[in-house]
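Each chain, written out:
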Amino acid sequence: MSAPFSLKTLEDCLKNVPADDLKDLKTHIYGRSNDNELPVSTKAQKIAKDNTFVIKSYKFEAIKEDLRKPRVVRIGAIQTSLAAPTTEPIGVQRQKIFDKVAKIIEAAALENVNILCLQELWYLPYVFCTREKYPWCEFAENPESGAAVTFLSTFARKYNMVIVSPILERDEDQGDIVWNTAVVISHTGKIIGKHRKNHIPRVGDFNESTYYFEGNTGHPVFETKYGRLAINICYGRHHPQNWMMFGLNGAEIVFNPSAEIGGSLSDRMWFIEGRAAAVANSFFTITINRVGTEVFANEFTSADGKKAHNDMGPFYGSAYLATPEGMRTPGMPRDSDGLLISEVDLNECRQSRDLHTFRMCQRLPIYAEGFTRATKLDFKPQIIREI
Ligand SMILES: NC(=O)NCCC(=O)O
């Protein structure tokens, strides 16, 4: 099994920085010198302590307007490790994660969370490194009536909460094929719709393309009681146009449920990509990653000449929210289960568009024309050379 992280959160590096320097440093790395941490109720803290997860809550303010009321919402993000070994029966593994997540949702409800998102494929191990089809394909479920979605619908209705459930989808109407999908559950408990992952990794142990194709649902934005949201699933985080399309369709909040391991390229990019996307598209982003090391019975290789192994290494958690103004919360722990809560005013999306005019001066027609040219077989890059 791979070694755990030396830092519990990256913020641990800051503990020895002198107070004055820390203010400056935070202004750059978080976009503000004060974290604006909100108190967490004793009840929620007790649930967290009894069930060994961390709760952090932060507040972001927008400009107070005369004609528009603030649109304050509380956004929650859950990061978890597995609750049972991968050798346990599928039903047992799933139920144990349900039991763990139920406690975290209970705490989220006590803290008045309005919209909640879980990590990519939240009720199963990240099994694609194995390239084995069974037993893992058994985790795939119907996006309207599957066990995970049904389980979360009950909470959505009970707590008046919109919940985003990233699942392994079984498309029973279309030849039983499998997809990587996020289902949006309304505060009424009904399903609003689903989105299928647009960009599928084929790198190292991320062998998802053995199981499913790139999604075919475009860039839907879901209108909910609490705001317009979209889901850019994991690897789509590396694709600026994927973020942009959700923005063009009117998203105010874009979740990035992920599965990412420490020491990888993504570990270096994690803190940049979500924040950059929030600024470029004037929406809130929330990047969420699983935690812990997932060990499998059979060895697999990463096709890099190195020895076969039974685990991918530790997933690094580190969930955070970024705002259109480029501010962000500190990261959640790299190695423990957690609930991140961020209180934001959605009015900031329009305010940022007014302030910075990124959307107004976006040159969509020239990009559209350039993209069309770049897809042609006879495409010639526009390079000018000295003659
Ligand atoms: N789950 C997932 O898409 N991981 C992506 C791996 C990467 O970002 O390199």
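A few points on the structure. (Residues numbered from 1 in each chain as written. Predicted model: local features only at pLDDT ≥ 70, side-chain atom pairs only at ≥ 80, totals over all residues. Heavy atoms only, no water.)

1. Here's the deal with the overall build of the protein
Rule in force here: A run of DSSP states H or I qualifies as a helix once it reaches four residues; a run of E qualifies as a strand once it reaches two. Both are numbered from the N-terminal end. Think of it in three bands: with a 1.4 Å probe and only protein chains considered, a residue is buried below 20% of the maximum accessible area for its type, exposed above 50%, and partly exposed in between. Only heavy atoms enter the contact rule, under which two residues are in contact if any of them lie within 4.5 Å. Using the Shrake-Rupley algorithm and a 1.4 Å probe, accessible areas are obtained, with residue cover drawn only from the displayed protein chains. Under this rule, positive means Lys or Arg and negative means Asp or Glu; His and the chain ends count for nothing. Charge coordinates come from a single atom per side chain, which is NZ of Lys, CZ of Arg, CG of Asp or CD of Glu.
Within the protein, the secondary structure is distributed over 8 helices and 18 strands. Expressed as a percentage of its 387 residues, the buried residues of the protein come to 54%. Sequence separation of 24 or more characterises 71% of the internal contacts of the protein that already satisfy a separation of 6 or more. When the accessible surface of the protein is totalled, it reaches about 18100 Å², and 54% of it is carbon and sulfur. Taken as two groups, the 47 positive and 47 negative side-chain charges of the protein have centres that lie 2 Å from each other.

2. Side note on the sheet that holds strand 12 (residues 284-289)
Condition: For two strands to be treated as a pair, DSSP must find no fewer than two bridges joining them. Every angle, taken between N-to-C directions, lies between 0 and 180 degrees, and every axis is a line fitted to C-alpha atoms, over only the stretch in contact when it is a helix.
Spatially, 5 strands are ordered 9-10-11-12-17 in an open sheet, and the strand pairing comes out mixed. A strand with exactly one partner marks an edge of an open sheet, and here the two such strands are strand 9 (222-224) and strand 17 (320-322). Averaged over neighbouring strand pairs, the angle between their axes works out to 25° when direction is ignored. Relative to strand 10 (residues 227-231), strand 9 is paired through 3 bridges, and the arrangement is antiparallel. From the neighbouring strand, T224 faces strand 10, where its bridge partner is G227.

3. Here's the deal with the site of the ligand
For clarity, the cut-off: A molecule or strand has a residue near it when one of that residue's heavy atoms lies within 4 Å. The definition of a polar contact used here is a pair of N or O atoms within 3.5 Å, where within protein one atom must be able to donate a hydrogen and the other to accept one, and adjacent residues in sequence count solely through side-chain atom pairs. Put simply, Ala, Val, Leu, Ile, Met, Phe, Trp, Tyr, Cys and Pro go in the nonpolar bin, Asp, Glu, Lys and Arg in the charged bin, and everything else, Gly too, in the polar bin.
With respect to spatial proximity, 13 residues lie near the ligand, and among them E120, K197, C234, H238 and E260 are the closest. Contact between the ligand and E120: a nitrogen atom at 2.9 Å from a side-chain N or O atom of the residue. E260 is positioned such that a nitrogen or oxygen atom in its side chain is 3.0 Å from an oxygen atom of the ligand. In the complex, 93% of the free accessible area of the ligand, which totals 280 Å², lies under the protein chains. Class assignment of the residues belonging to the shell around the ligand gives a composition of 7 nonpolar, 2 polar and 4 charged.

4. Some words on the side chain of S186
Inspection of the secondary structure puts S186 in the loop between strand 5 (177-185) and strand 6 (191-196). Classification of S186 as buried rests on a relative accessible area of 9%. A polar side-chain atom of S186 sits 3.4 Å from a polar atom in the side chain of H187. In this structure, S186 is in contact with A156, M161, V162 and I192, ignoring residues within four places of it in sequence.

5. A short note on the sheet that holds strand 4 (residues 162-171)
Taken in spatial order, the 7 strands of this open sheet run 1-18-2-3-4-5-6, and their pairing is mixed. Each edge of the sheet is formed by a strand with only one pairing partner; in this case those strands are strand 1 (54-59) and strand 6. Each neighbouring strand pair of the sheet contributes to a mean axis angle of 25°, computed without reference to strand direction. Across 3 bridges, strand 3 (residues 115-118) lies against strand 4 in parallel orientation. The residue bridging C117 from the neighbouring strand is V164, located in strand 4.

6. Points about the packing of aromatic side chains
Our working rule: For this analysis, a ring pair means two rings from Phe, Tyr or Trp (six-membered ring only for Trp) whose centres lie within 6.5 Å, classed as stacked if their planes differ by under 30 degrees, edge-to-face if by over 60, and tilted for the remaining angles.
Scanning the entire structure with this criterion turns up 19 aromatic pairs. For the pair Y123 and F139, a centre-to-centre distance of 6.2 Å together with 55° between the ring planes defines the contact as tilted. Of this pair, Y123 sits in the loop between strand 3 and helix 4 (147-159) while F139 is found in the loop between strand 3 and helix 4, placing the two residues 16 residues apart along the sequence. For the pair shown, Y123 and F139 are each scored as buried. On the numbers, 5.1 Å between centres and 75° between planes, the contact of F151 with F155 is edge-to-face. Placement of both F151 and F155 in helix 4 is noted, with a separation of 4 residues, approximately one turn of the helix. With relative accessibility at 17%, the residue F151 sits in the buried group. When its relative accessible area of 14% is taken as the criterion, F155 is described as buried. Within the aromatic cluster, the residues linked to one another by ring pairs are F98, W122, Y123, F139, F151, F155 and Y159.

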